Amino acid sequence: MASVIHRSFVKHNYISRLTVTTKCRPPKSLSFLLSLEPSPRSPLGPIRRFSASPRSAKAMESEDFKALRVRQDRLMETLHGTCVFGPGERWGSAKEETGMSRLALGDSDKDVRDWFVKTTKALGCNVTIDTMGNIFAVRPGRREGPATFAGSHLDTQPTGGRYDGILGILAGIEMLTVLRDHNWETEFPIGVVNWTNEEGARFPISMSSSGVWAEEIPLERAHNLQEVGGGTATMKSELERIGYLGSIPTSYKSSPMAAHFELHIEQGPILETEHQKVGVVKGVQAYKWFTVDVTGRDAHTGTTPLQSRADAMLLAARLIAHSHRVATAHSALASTGILTLSPSSTNTIPGRVSFTLDIRAPADATVEATEADLKRDFAILAAGEDVGGLLAGSTPGKPLNVEWRTDFVSPATIFHPDCIASVRASAEEVTGSSNLVRDMTSGAGHDSVYTSRRCPTSMIFVPSKNGVSHNPEEYTSPEDCAIGANVLLQSVLRYDRMRADGKVKA
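My aim in this report is to walk through the structure given alongside it, one point at a time. Values in this document were obtained by computation on a predicted structure and should not be read as measured data. (Residues numbered from 1 in each chain as written. Predicted model: local features only at pLDDT ≥ 70, side-chain atom pairs only at ≥ 80, totals over all residues. Heavy atoms only, no water.)

### Concerning the overall build of the protein chain
Selection criterion: Here a strand is any run of E in DSSP of at least two residues, a helix any run of H or I of at least four, and the numbering for each starts at the N terminus. Each residue's exposure class comes from its accessible area (1.4 Å probe, protein chains only) as a fraction of the maximum for that residue type: buried when under 20%, exposed when over 50%, partly exposed otherwise. The contact definition used throughout considers only heavy atoms, calling two residues in contact when any of these lie within 4.5 Å.
Within the protein chain one finds 13 helices and 20 strands. By the burial criterion, 56% of the 506 residues in the protein chain qualify as buried. Considering only contacts within the protein chain whose residues lie at least 6 apart along the sequence, 79% involve residues at least 24 apart.

What follows is the structure in structure tokens.
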């Protein structure tokens, strides 16, 4: 999350409300996706109806799934082509070497949404939009029933990269295109969902719209979220402005899912370091977000002795440094991403400081213990007493006040064993070796956290170069992107087969 996001990234050219049809014209390089004609090169010939095949499910898994592969060149062309919607900071000389700055519900987000709607409709999907702007594109199957979804998000951090979230959606588009090219008919519907404001960078609750869908976050609270950085826009006002305040209630009851699979970059160094290709994600670690307010007293820097100061900035610096030590002791993570101070004058001692604190760990109990220790120690330090030698060699000042606000809580998440098994089997088949596949727990929150509370869910990780994410230089190789997309494709089709065979709930 950025410390300041300026209002200037949103143009105030209010537009008429979008229905299902759009006026977006995709880049020329992406226009091939809008043809509904099947590929004449399809090796599978006529439409395959699973239940009409005389072969066993095992034979179909070993042969038919192998016949379906994504096109790496097309996947990458489409991914980089859609990055014309909201390009960010340039970090290299190549055409694709820019980051992304596509904040939720800004003009560039509207543009890529328009492209997504038009493209998925052209690929044979029925498209619906709910009251949080979540877009559900569903391709019909032979039988009626909830769709098995591939999902992720198209919004980015203000200084983000080209793969976080984006890869998952574009791999879903490629999945639909492969099925179109091969005239493949699934037993049940399958779909791709674009979740609104996953990042929480502009409207400060991450995964807010999947949270409303899961009925874990109230619609009114999400609609009233105000953009950070001093702007006055809310999620509801921007959904209205860009034409994506849909009419479908935001709920798992109105838009049910049979399962949710999410392809995502790892955003960490483990897969690359271990020379492995796919992470089978079994769950997501717990985390809490807080805002800590420190109140002291404004004073002149030249006339106020050190012992007479109630320096809010000095105490905040000590609290942030101490959070790192406490997190280390608990094998947890603690981070500060936003810090604001007042009155922001060179020759005035700050009297008020606010900073964010993000605490994460695999277990809920570890997050709770870290929080408790920090609250105890912050109060001691605010009173002017020492903790762990932080005040050694310094001049004691006046007492200050520290207050905590809990902004967001995400308990530890365990994904569904059927989806995990589908991902693992697909990953081993695609890579050809179980040694290239590992079980993982996600350190970051994802929309799959909320979907897992209402339907079977799992995730697929692919390597991130140097473990870098939320950065313009975020990178995953084309080969690894294609491996992940193939695992996503096969995982969705395996789960569809499992539903058809009655092995999981249809």
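Now that the structure has been shown, we can carry on.
### Some points on the packing of aromatic side chains
Short version of the rule: Aromatic rings from Phe, Tyr and Trp, taking only the six-membered ring of Trp, are treated as a pair when their centres fall within 6.5 Å; an angle between ring planes under 30 degrees marks them as stacked, one over 60 as edge-to-face, and anything in between as tilted. The criterion for a charge sitting over a ring is simple: Lys NZ or Arg CZ within 6 Å of the ring centre, and within 35 degrees of the ring normal.
Applying the stated rule across the entire model yields 11 aromatic pairs. Both rings, one in F136 and one in F149, keep their centres 6.0 Å apart while their planes meet at 80°; by these two values the pair is edge-to-face. Linking F136 in strand β5 (residues 135–139) with F149 in strand β6 (residues 147–152), this pair joins segments that are 13 residues apart in sequence. The pair F136 / F149 is uniform in exposure class, with both members buried. The interplanar angle of 80° and the centroid separation of 5.1 Å between the aromatic rings of F290 and W404 together place this pair among those described as edge-to-face. Of the two residues, F290 is situated in strand β11 (residues 286–295) and W404 in strand β17 (residues 401–410); the sequence distance between them amounts to 114 residues. The same class applies to F290 and to W404, which are both buried. Three or more aromatic residues joined by ring pairs make a cluster, and in this case those are F136, F149, W195, W213 and Y252. Lying over the aromatic face of Y244, R113 brings its terminal NZ or CZ to 5.1 Å of the ring centre. Sitting above the plane of the F188 ring, R499 keeps its charged end 4.1 Å from the centroid.

### Looking at helix α9 (residues 312–329)
Definition in use: Here the expected length of a helix is defined as 1.5 Å per residue gap, with one fewer gap than residues. Any pair of N or O atoms that falls within 3.5 Å is considered a polar contact. Within protein, one atom must be able to donate a hydrogen and the other to accept it, and sequence-neighbouring residues count only if both atoms are side-chain atoms.
In a regular helix each residue adds 1.5 Å, so 18 residues correspond to 26 Å; α9 covers 26 Å between its end C-alpha atoms and thus fits that length. Three or more residues of α9 are buried, namely A312, L315, A316, R318, L319, H322, S323, V326 and A327. Where α9 is buried, its residues meet β11, β13 (333–335), β16 (352–361), α10 (364–382) and β17. Residue D311 occupies the N-cap position of α9, its side-chain oxygen lying 3.0 Å from the main-chain nitrogen of M313. Phi for S331, located one or two positions after α9, is positive at around 55°.

### A few points about the packing of helix α2 (residues 72–82) against helix α4 (residues 166–181)
This is how the line gets drawn: Simply put, an axis is a line fit to the C-alpha atoms, just over the touching stretch for a helix, and the angle between two N-to-C directions goes from 0 to 180 degrees. When an angle is under 35 degrees it counts as roughly parallel; over 145 it counts as roughly antiparallel; between 65 and 115 it counts as roughly perpendicular; any other value is oblique. The crossing is said to be left-handed when, going from far helix to near helix, the turn is anticlockwise and less than a right angle, and right-handed when the turn is clockwise. Residues are grouped as follows: Ala, Val, Leu, Ile, Met, Phe, Trp, Tyr, Cys and Pro are nonpolar; Asp, Glu, Lys and Arg are charged; all remaining types, including Gly, are polar.
Viewed as axis vectors pointing N to C, α2 and α4 meet at an angle of 135°, and their least axial separation amounts to 10 Å. Put simply, α2 runs oblique to α4. Where α2 crosses over α4, the two elements pack in a sense that is right-handed. Of the residues in α4, those in contact with R74, L75, T78, L79 and T82 of α2 are I166, L167, L170, A171, E174, T177, V178 and D181. A per-class count over the contact of α2 with α4 returns seven nonpolar, three polar and three charged.

### Some points on the nonpolar core
Rules: Only buried residues count toward a nonpolar core, which is a set of Ala, Val, Leu, Ile, Met, Phe, Trp, Tyr and Cys residues joined through side-chain atoms within 4.5 Å.
Core analysis: the biggest nonpolar cluster contains 96 residues, and F116 and M175 have the highest contact counts within it. The leading source of residues in this core is helix α13 (residues 478–500), at 11 residues. Residues in contact with M175, not counting those within four places in the same chain, are A150, I190, G191, V192, L489 and V492. The next biggest cluster of nonpolar side chains, apart from the first, holds 27 residues, and it includes V292, A332, V402 and W404.

### Focus on the pattern of salt bridges
Put simply, the test is: By definition, a salt bridge exists where a carboxyl oxygen of Asp or Glu is found within 4 Å of a side-chain nitrogen of Lys or Arg.
Under the definition given, this model contains 28 salt bridges. The partner of R180 in a salt bridge is D181, and the shortest N-O contact between them spans 2.8 Å. D181 matches R180 in its accessibility class, with the two residues each being buried. The residue D439 makes a salt bridge to R424 at a minimum N-O spacing of 2.9 Å.

### Quick word on the environment of M100
Inspection of the secondary structure puts M100 in strand β3 (residues 98–100). Distance in space between the C-alpha atoms of M100 and F85 is 8.5 Å, their sequence separation being 15 residues.

Interpretation in functional terms is not warranted from these geometric data alone.
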